[in-house]
Amino acid sequence: MRDLTLAWRRRSDVFTSVIFFVIVASLFPLGIGPEGKLLLAIGPGVVWVAALLASMLALSRLFAADYADGTLEQMLIGAAPLPVVVIAKVIAHWIAANLPLVLIAPLLGLQYGLPADALLVLALALALGTPSLSLIGAIGAALTLGLRGGGVLLALLVLPLYAPVLILGSLAVEAVGAGLSAQPYLLLLAALSVAALSLAPWAAAAALRISYE
Amino acid sequence: MSSASPQAAVPVFNWFKYASPQTFFPLAGALAPWFAAIAAVLCVAGLYIGFFVAPTDAQQGESYRIIFIHVPAAWMSMLIYLAMAFWAGVGLAFNTRLSGMMATALAPTGAWFTFIALWTGALWGKPTWGTWWVWDARLTSELLLLFLYFGFMALQAAIDDPRRADKAGAVLALVGVINIPIIYFSVQWWNTLHQGSSVSLKSAPTMAMTMLTGMLVMVFAAWAYAIAAALWRVRCIILERERRSDWVRAYLGTAR
């Protein structure tokens, strides 16, 4: 809850990542040209990649402020189990950084001329897939805490691990375009998120402890 | 705990004896030249079989011969990552210094093998598929594996304290090893063009015996090379990290 309040007080941060998302997704048509067919084909992938990057940029804020002012150290020695603290922080981070992306994504899909049912699946796929992005990213954010060149390093660590989510997410939207059911891909995305939820907090907690040694 | 007592009577080989950098250093120094020699001999033998003895492939002509480098490199790239994750796990579990050093020493060799596998794959793909690169499942997962190696090395390089670098790298390696099957299967669903594996334990090999022999000899050469390279690198790492200890000073003093 505290993290949510803090995020609300610093709304500009949230808006920055949303605007980044919108700008990146809007730059692609400018670079590629306005042909509707092409845009329709690349739309799902571009929106997903933009969401991936926006979500990753927000990761550095996950632990950084608490690390800087020592709050994190208190949490480390506090009574609450560290993985639970990590889960709480990740949920707050997801609501602040990724939920806006999920909500605005259909609008961007419209820019690419995606049909209504594809827009729905796009939002659904993002909603199911982005939690695993936040969870995996938490490990990366914990590992790079307080390191020089942390931002680029974080991208290097986290982006290869994001690949399955990206693939399944775009496949889900493309399946709708091809007249197939998106359900298997959505279920797999949900499965990835659940698997990440069961493993990533512990890895991130271990990484946090290492960072504080 | 009655089962423990008879075991105590037998003299047990102490596996942890060589877990200390000081005792491992001379052992690694003694073993590394042997593995290097084995690697050199097997490599010459394997390449001879591959280039002069093995028959020409019916479909792919002479160009298939790059298989003798490509397949061992691809296998080693995955195996070394597993070995790295294994040492990383041991390091986290037992808190041994040497395990982290082993993982660090393995990473560059693994990255090289991954790079070689991609490179030879591109050279092989040009005459047979007609392109250097396709977005195929195996190629893509191999590329992502290369990125995982880079991430591991970059993370370790960014951390000044070697103990923290070891542990952070260990967490990353273990996360990566869980992800490798997921990445592999997801790209497999995504797209696949790569030929199926030609070697399987279950069915009879689909290739000529000499081809298989040449390839397996090369695989063992790659194994021996990887072990030799890792041992030499771990020796350097040991010297660098333990440079303040007495035995390293004594060693360097006598060597000079």
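Residues numbered from 1 in each chain as written. Chains lettered and ligands numbered in written order. Predicted model: local features only at pLDDT ≥ 70, side-chain atom pairs only at ≥ 80, totals over all residues. Heavy atoms only, no water.

Observations concerning the pattern of salt bridges
All names here are of chain B.
Turning to step 1, where the next piece is worked out: Under the counting rule described, the total for this entry stands at one salt bridge over all chains.
Turning to step 2, where the next piece is worked out: Of the charged contacts, one joins D166 and R241 as a salt bridge, the two residues approaching to 2.9 Å between their closest N and O atoms. With D166 in helix α6 (residues 162-190) and R241 in helix α7 (residues 209-241), this residue pair connects regions lying 75 residues apart in the sequence.
Turning to step 3, where the next piece is worked out: Judged by relative accessible area, which is 7%, D166 ranks as buried. (Salt bridge = Lys/Arg side-chain N within 4 Å of Asp/Glu carboxyl O. Helix = DSSP H or I, 4+ residues; strand = E, 2+ residues; numbered from the N terminus. Buried < 20%, exposed > 50% of the residue type's maximum accessible area, 1.4 Å probe, protein only.)

Thoughts on the confidence of the model for chain B
One rule of thumb: low pLDDT means the predicted coordinates there are not for detailed reading.
Residues and elements named next belong to chain B.
Turning to step 1, where the next piece is worked out: Averaged over all residues, the pLDDT of chain B is 75; the fraction at 70 or higher stands at 79%.
Turning to step 2, where the next piece is worked out: The secondary-structure element of chain B with the lowest mean pLDDT is helix α1 (residues 4-9), recorded at 43, while helix α3 (residues 67-94) shows the highest, at 84.
Turning to step 3, where the next piece is worked out: When the criterion is pLDDT under 50, residues 1-9 qualifies, and its contacts beyond four places in sequence or with other chains add up to one contact.
Turning to step 4, where the next piece is worked out: A low-confidence stretch, residues 200-204 stays under pLDDT 50, and its non-local contacts, those more than four residues away or across chains, total zero contacts.
Turning to step 5, where the next piece is worked out: What the predictor reports for the complex is a pTM of 0.77 with an ipTM of 0.74. (pLDDT = per-residue confidence, 0-100. Contact = heavy atoms within 4.5 Å.)

Thoughts on the packing of aromatic side chains
Residue and element names in this part refer to chain B.
Turning to step 1, where the next piece is worked out: Inspection of every chain in the model, using the stated rule, returns five aromatic pairs over all chains.
Turning to step 2, where the next piece is worked out: A centroid spacing of 5.3 Å and a plane angle of 65° characterise the contact between F86 and W87, whose relative ring orientation is edge-to-face.
Turning to step 3, where the next piece is worked out: Judged by relative accessible area, which is 28%, W87 ranks as partly exposed.
Turning to step 4, where the next piece is worked out: With 5.9 Å between their ring centres and 25° between their planes, F115 and W119 make a pair best called stacked. Of this pair, F115 and W119 both sit in helix α4 (residues 97-129), four residues apart, which is roughly one turn of that helix. (Phe/Tyr/Trp six-rings, centres within 6.5 Å; stacked < 30°, edge-to-face > 60°.)

Re helix α4 (residues 61-68) of chain A
Residue and element names in this part refer to chain A.
Turning to step 1, where the next piece is worked out: L62, F63 and D66 are the residues of α4 that are buried. The arc that holds the buried residues of α4, viewed along the axis, is 65°, so those residues lie on one side.
Turning to step 2, where the next piece is worked out: Looking at the residues trailing α4, positive phi occurs at G70, about 85°. (Arc of directions from axis to C-beta.)

Some details on the confidence of the model for chain A
Turning to step 1, where the next piece is worked out: With 93% of its residues at a pLDDT of at least 70, chain A reaches an overall mean of 79.
Turning to step 2, where the next piece is worked out: Looking across chain A, the model is least confident in helix α1 (residues 2-9) of chain A, with a mean pLDDT of 62, and most confident in helix α7 (residues 116-143) of chain A, with 84.

Brief notes about the interface of chain B and chain A
Turning to step 1, where the next piece is worked out: Taken together, the contact between chain B and chain A spans 26 residues of the former and 25 residues of the latter.
Turning to step 2, where the next piece is worked out: Taken together, both faces of the contact between chain B and chain A bury some 2200 Å²; the carbon and sulfur share is 78%.
Turning to step 3, where the next piece is worked out: Counting the contacts that link chain B with chain A gives zero salt bridges.
Turning to step 4, where the next piece is worked out: Connecting chain B to chain A are one residue pair in polar contact (both at pLDDT 80 or more). (Buried area = accessible area lost by both parts, 1.4 Å probe. Polar contact = N/O pair within 3.5 Å; in protein donor to acceptor, adjacent residues only side chain to side chain.)

What to know about the environment of I19(A)
Turning to step 1, where the next piece is worked out: Note that I19(A) resides in helix α2 (residues 11-32).
Turning to step 2, where the next piece is worked out: Taking the C-alpha atoms as reference, I19(A) lies 10.0 Å from I104(A); in sequence the two are 85 residues apart.

Considerations on the nonpolar core
Turning to step 1, where the next piece is worked out: Judged by nonpolar contacts, the single largest core of 100 residues is most densely connected at F21(A), F63(A), L143(A), L208(A), M84(B) and L155(B).
Turning to step 2, where the next piece is worked out: Residues contacting F21(A), with those up to four places away along its chain left out, are V47(A), A50(A), A51(A), A54(A), L101(A), I104(A), A105(A) and L108(A). (Core = buried A, V, L, I, M, F, W, Y, C linked by side-chain atoms within 4.5 Å.)

Remarks on a nonpolar patch on the surface
All names here are of chain B.
Turning to step 1, where the next piece is worked out: Together, W75, M78, L79, L82, L216, F220, W223 and I227 line one region of the surface with nonpolar side chains, adding up to about 720 Å² of accessible area.
Turning to step 2, where the next piece is worked out: Those elements that place two or more of their residues in the nonpolar patch are α3 and α7.
Turning to step 3, where the next piece is worked out: Residue M78 is classed as partly exposed on the basis of its relative accessible area, which comes to 43%. (Patch = residues over 30% accessible without salt bridge, like charges linked within 9 Å, V, L, I, M, F, W, Y side chains within 5 Å. Areas by Shrake-Rupley, 256 points an atom, 1.4 Å probe, with all protein chains shown as cover.)

Considerations on the packing of helix α8 (residues 150-177) of chain A against helix α9 (residues 183-211) of chain A
All names here are of chain A.
Turning to step 1, where the next piece is worked out: Contact geometry for α8 and α9: axes closest at 9 Å, N-to-C directions at 155°. Overall, the two elements α8 and α9 adopt an arrangement that is roughly antiparallel. Along this stretch, α8 crosses α9, giving a crossing that reads as left-handed. Contacts from P164, V165, L168, G169, L171, A172 and A175 of α8 reach α9 at Y185, L186, L188, L189 and L192. (Axes fitted to C-alpha atoms, helices over the stretch in contact; angles between N-to-C directions. Parallel < 35°, antiparallel > 145°, perpendicular 65-115°, else oblique. Left-handed = near helix turned anticlockwise from the far one by under 90°.)

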